[in-house]
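Per-entry structural report
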Amino acid sequence: MPLSDMSIMDHAVELRRRVLVILVFFVVALIGGFMLAVPVISYLQTAPQAVDMPFHAFRLTDPLRIYVNFAMIVAFVLVIPVILYQLWAFVAPGLKEEEQKATLAYIPISFFLLLAGFAFAYFILIPYVMSFMSTMADRLDINEMYGINEYFSFLFQLTIPFGILFQLPVVVMFFTRIGLVTPQLLTKIRKYAYFVLLVIAGLITPPELMSHLLVTLPMLILYEISIAISRATYRKYTKPTPESHSEAQ
């Protein structure tokens, strides 16, 4: 049905159908998450940064909580492409054909950047943070004894924000495409954006210079990449068309 012929009720029905599709895929992904949770947890426990750590369950429900949390997170990651596609399919009738193709291409890029953010946080940032924490414990003569729930909560607190932060180039590309931002605006507010990114880096890292730099520098690079992407997108979609030239003449 053409978008102009759809009533509010039609939009509500379409939205409900998209949500139901997402829920069905999430249930299927959750089954896969429960099957993958144990191998993923075992891998993280035997990783180099955690292999020598003594894990303890301080509450009776900690193992079950970790298992369910991992199943949910794995399921959510698996269903993200479905969520993005259903969101695209919901708004696609209001877009032109070339806009539909352009925005559809954002889905694999966004998913790749999400995984890249997870990988950066886990393989690069977390080892340095854990090394800093262990060094501080040794200096203070503190015996390290970690609860498994606290350890994995710590992993989630660092990896999930980076998965979200790595979406910045895609978000900027999309907003530039629909005219909400311009490369000139991003350049103008650069110093304010840097300040915000520095504050975010300070909130998610310990008070140690190396860890702070490991977080801050990639975020600043992501912002500069976003400006470059916005500039390229802006030039592409603001080119004068032959029709506009003929009208001007």
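Refer to the preceding data block for the structure.
Residues numbered from 1 in each chain as written. Predicted model: local features only at pLDDT ≥ 70, side-chain atom pairs only at ≥ 80, totals over all residues. Heavy atoms only, no water.

**A word on the nonpolar core**
The tendency in soluble globular proteins is for nonpolar side chains to be buried as a group. Here is the rule we go by: Here, nonpolar core refers to any group of buried Ala, Val, Leu, Ile, Met, Phe, Trp, Tyr and Cys residues whose side-chain atoms link them within 4.5 Å. Classification of residues uses two cut-offs on accessible area relative to the type maximum, computed with a 1.4 Å probe and protein chains only: under 20% is buried, over 50% is exposed, and between them is partly exposed. Secondary structure elements follow DSSP: runs of H or I no shorter than four residues count as helices, runs of E no shorter than two count as strands, and numbering proceeds from the N terminus. The contact rule is simple, with two residues in contact once any of their heavy atoms fall within 4.5 Å.
In this structure, F70, L125, Y151, F152, L155, F162 and V215 are the most contacted members of the largest nonpolar core, which totals 44 residues. Considering each element in turn, this core owes the most residues, nine residues, to helix α4 (residues 106-139). Not counting residues within four places of it along the chain, the set of residues in contact with F70 comprises A37, V40, I41, L44, F152 and F156.

**Things to note about the packing of aromatic side chains**
Definition in use: Note on aromatic contacts: the rings of Phe and Tyr and the six-membered ring of Trp form a pair at centre separations within 6.5 Å, being stacked when their planes are under 30 degrees apart, edge-to-face when over 60 apart, and tilted otherwise.
Summed over the entire model, instances satisfying the criterion amount to ten aromatic pairs. Judged by centre distance (5.0 Å) and plane angle (85 degrees), the rings of Y122 and F123 are edge-to-face. Residue classification places F123 among the exposed positions, given a relative accessible area of 53%. Grouped by ring-pair contacts, the aromatic residues F70, Y151, F152 and F156 constitute a single cluster.

**Considerations on a nonpolar patch on the surface**
What counts, and what does not: Each patch is built from residues lacking any salt bridge and having more than 30% relative accessible area; the joining distance is 9 Å for like charges and 5 Å for nonpolar side chains (Val, Leu, Ile, Met, Phe, Trp, Tyr). What sets the accessible areas is the Shrake-Rupley method with a 1.4 Å probe; for residues, cover comes only from the shown protein chains. Salt-bridge detection follows one rule: a side-chain nitrogen of Lys or Arg within 4 Å of a carboxyl oxygen of Asp or Glu.
On the surface, V171, F174, F175, I178 and L180 cluster together into a nonpolar patch covering about 420 Å² of accessible area. Along the chain, the position of I178 falls in the loop between α6 (168-177) and α7 (183-188). Since its relative accessible area comes to 46%, I178 is described here as partly exposed.

**So, the pattern of salt bridges**
The full count for this structure, using the stated rule, is two salt bridges. Linking R190 and E224 is a salt bridge whose minimum nitrogen-to-oxygen distance equals 2.8 Å. Of this pair, R190 sits in helix α8 (residues 190-204) while E224 is found in helix α9 (residues 209-237), placing the two residues 34 residues apart along the sequence. Judged by its relative accessible area of 25%, R190 falls in the partly exposed class. Residue E224 is classed as partly exposed on the basis of its relative accessible area of 29%.

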